Structures are given as structure tokens and as C-alpha cells.
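# Remarks on the overall topology
Residues per chain, in single letters:
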Amino acid sequence: MRLALLLTVLGIILGCSMTAEAATPENKPAIYSYSIVNAYPHDPQAFTQGLFWHEGKVYEGTGKLGRSSIRRVHLATGQVEQRYDCPRDIFGEGITIFAGTLYQLTWKNRKTMLYRKDDFSIIKTLEYPHQGWGLTHDTDHLIASDGSSVLYFLEPETLAEQRRITVREANWEVHALNELEYIDGRIYANVYGTDRIAIINPQDGLVEGWIDLTGLRQGLGIDHREAVLNGIMHDPQQDKLFVTGKYWPTLFEIRLVRRE
């Protein structure tokens, strides 16, 4: 009984919770480090909440009350080519583009905005019952996080929940799931406040890999407690992976290096 209690406390400290079974070698996640391929300018005033690649352009959603926006950005220069500033009471969160429509979650406003991707004009606003954190999509559904260990699969027209998964490493639930990206049939998720990205099986929620980005922001000259890793982007045509963070002056193209 004391051992079970100790494991539960340890899980809370690690931001996880544990079910009855123990981890086994066959379901141990792969571990990846990284090498930097390229570094590009990024707005150091951007509180990055969502990042998405579409037709050769970077789309970014930013947060904070009075400063939330959606942007289309030129990768090589970091120049903002198109921008929409949200109403001052909106705290913007994750974004994605699905079937030509740009979706933007909000944190506590219980709203999701739908925009035309070309001019950022608003199509409509949908009510949403959860906190908005990260957003991506597969071929049929939007996939959203709310800062817990749960990912929600949503019908794009109405945001009606179709199913949900609980993300876990073996039998530890992985909490604080934030910015999301769907890559080659797997969901990549920032774990908020850490330098780790989980690679998640969308069918059962199991973490199949961890990307350890420790040290990536060293040398950027960032002195801000909120300047955490947050932003995953994939160019499917050229199979390029990009990451950045809140208030980071740099957006990195990285290559994964298998460590274990």
C-alpha cells in the first residue's frame, strides 16, 4: 500500500497519473534528440500558440488578451505578410487549416473562430465546451487538446465530439498536452512547460516516442519565464519539421536523431 501511494505521489510530481499495470519493455517509447538543419527569424514578441504549414507559407496563432492574432508569415525572412488582430477579450490558442478553412481555438472564451485562409475574414464562430489549447487535424477530424491528458476528435463543421483518447506512456497519463501537429499518422504534442514533444498513436493514445529538445533555446538570449517551447510545424511535401517557442526570436528546422 505504501508503495502504491509513493508511486501516485511521484506521478503527481511528474505531471502524470498511474493506473494499475506497470510499464513493460515492449511498449517503451523511442527517444529522439535533434540536429539543427536551419534557423529562421521569428517575431520575439509573438506569444506563439499554434503553428501550421500550408502551401509554402507559415501560419501562426498568437495569444494573450489584447495581443492575440493570426498571421501568415514568410519563412525565410520572418516577415508577417497577412495579419488579423483578434478582439481584445479573445485569448487566442491553437490553429490549423482544414479543407481551406483556418480554425483558431480560444483559451477560456469557449469559442472557435473559422476564417477564410486567404484574407482572414471571419466565416463564423462556433461554441466549444472545453478550454482551447492545441489544434491539428487528420483526414477527417479536427484534433484538440485542453491542457489535460485527453485529446478530442471533432467533426469540423460543428465541433461535435466524435471520440476521445487519453494519452499515456505505458500506464502513466501524460498531462499538459498543448500545441499539436499531425505527422505521418501520428500526433505530435508539446508537453507544456517542458522541452519535450510526445509522439502519440491516435488510435489508442499510447506515446510511441519522445523528442527531447533540451538546449535548443540556449543562446537565444531569452529571459522570460513564459518563453517555453510551443510550436510544431511540418512541411509534408519536403518532410521538414520545424519548432519554435513563445517569444523566441528563432524558428528552427530540425532533424530527429534516434537515441534509444
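Residues numbered from 1 in each chain as written. Predicted model: local features only at pLDDT ≥ 70, side-chain atom pairs only at ≥ 80, totals over all residues. Heavy atoms only, no water.

### Quick word on the sheet that holds strand E3 (residues 48–54)
The strand order across the open sheet built from four strands is E3-E4-E5-E6, with neighbouring strands paired in antiparallel fashion. If you trace the sheet from one side to the other, it starts and ends with E3 and strand E6 (80–85), each paired once. Direction aside, neighbouring strands of the sheet carry axes that sit 15° apart on average. The pairing of strand E4 (residues 57–62) with strand E5 (residues 69–73) spans five bridges and is classified as antiparallel. Bridging from a neighbouring strand, Gly 61 pairs with Ile 70 of E5. (Pairing = 2+ DSSP bridges. Helix = DSSP H or I, 4+ residues; strand = E, 2+ residues; numbered from the N terminus. Axes fitted to C-alpha atoms, helices over the stretch in contact; angles between N-to-C directions.)

### Description of empty space enclosed by the protein
Considering all chains together, one arrives at one cavity of 30 Å³ or more under this definition. Reported here for the largest cavity is a volume of approximately 90 Å³. As for the largest cavity, its lining consists of 13 residues, and the residues nearest its centre are Pro 41, His 42, Glu 60, Val 73 and Gly 78. Elements with a contribution of two residues or more to the lining of the largest cavity: strand E2 (30–41), E4 and E5. In the lining of the largest cavity, the residues fall into seven nonpolar, three polar and three charged. (1 Å grid on protein atoms, 1.4 Å probe; cavity = no way out; pocket = protein on both sides within 12 Å on 5 of 7 lines; lining within 4 Å. Points joined across faces, edges and corners; volume = space filled by probe spheres on them. Nonpolar A, V, L, I, M, F, W, Y, C, P; charged D, E, K, R; others polar.)

### What to know about the pairing of E4
The buried fraction of E4 amounts to five of the six residues, a majority that puts the element mostly inside the structure. In terms of strand pairing, E3 meets E4 through six bridges, oriented antiparallel. The residue bridging Gly 50 from the neighbouring strand is Gly 61, located in E4. Between E3 and the antiparallel strand that follows it, E4, lie two residues; Glu 55 among them carries a positive phi value of about 50°. (Buried < 20%, exposed > 50% of the residue type's maximum accessible area, 1.4 Å probe, protein only.)

### Observations regarding the packing of aromatic side chains
All chains considered together, the criterion is met by nine aromatic pairs. Considering the side-chain rings of Trp 248 and Phe 252, the 6.3 Å spacing of their centres and the 80° angle between planes classify their relative orientation as edge-to-face. Residue Phe 252 is classed as buried on the basis of its relative accessible area, which comes to 6%. Three or more aromatic residues joined by ring pairs make a cluster, and in this case those are Phe 47, Phe 91, Trp 107 and Tyr 247. Positioned above the aromatic ring of Trp 210, the side-chain terminus of Arg 196 is 3.9 Å from the ring centre. A cation over an aromatic ring shows up here: Lys 246 above the ring of Phe 47, its NZ or CZ 4.1 Å from the ring centre. (Phe/Tyr/Trp six-rings, centres within 6.5 Å; stacked < 30°, edge-to-face > 60°. Lys NZ or Arg CZ within 6 Å of the ring centre and 35° of its normal.)

### Some points on the environment of Gln 162
Topologically, Gln 162 is positioned in strand E14 (residues 161–166). For the pair Gln 162 and Tyr 152, spaced 10 residues apart in the sequence, the C-alpha separation amounts to 7.7 Å. Those residues in contact with Gln 162 that sit more than four places away from it in its chain are His 141, Phe 153, Leu 154 and Glu 155. Among the polar contacts listed, one links the side chain of Gln 162 to the backbone oxygen of Ala 160, at a separation of 3.1 Å. (Contact = heavy atoms within 4.5 Å. Polar contact = N/O pair within 3.5 Å; in protein donor to acceptor, adjacent residues only side chain to side chain.)

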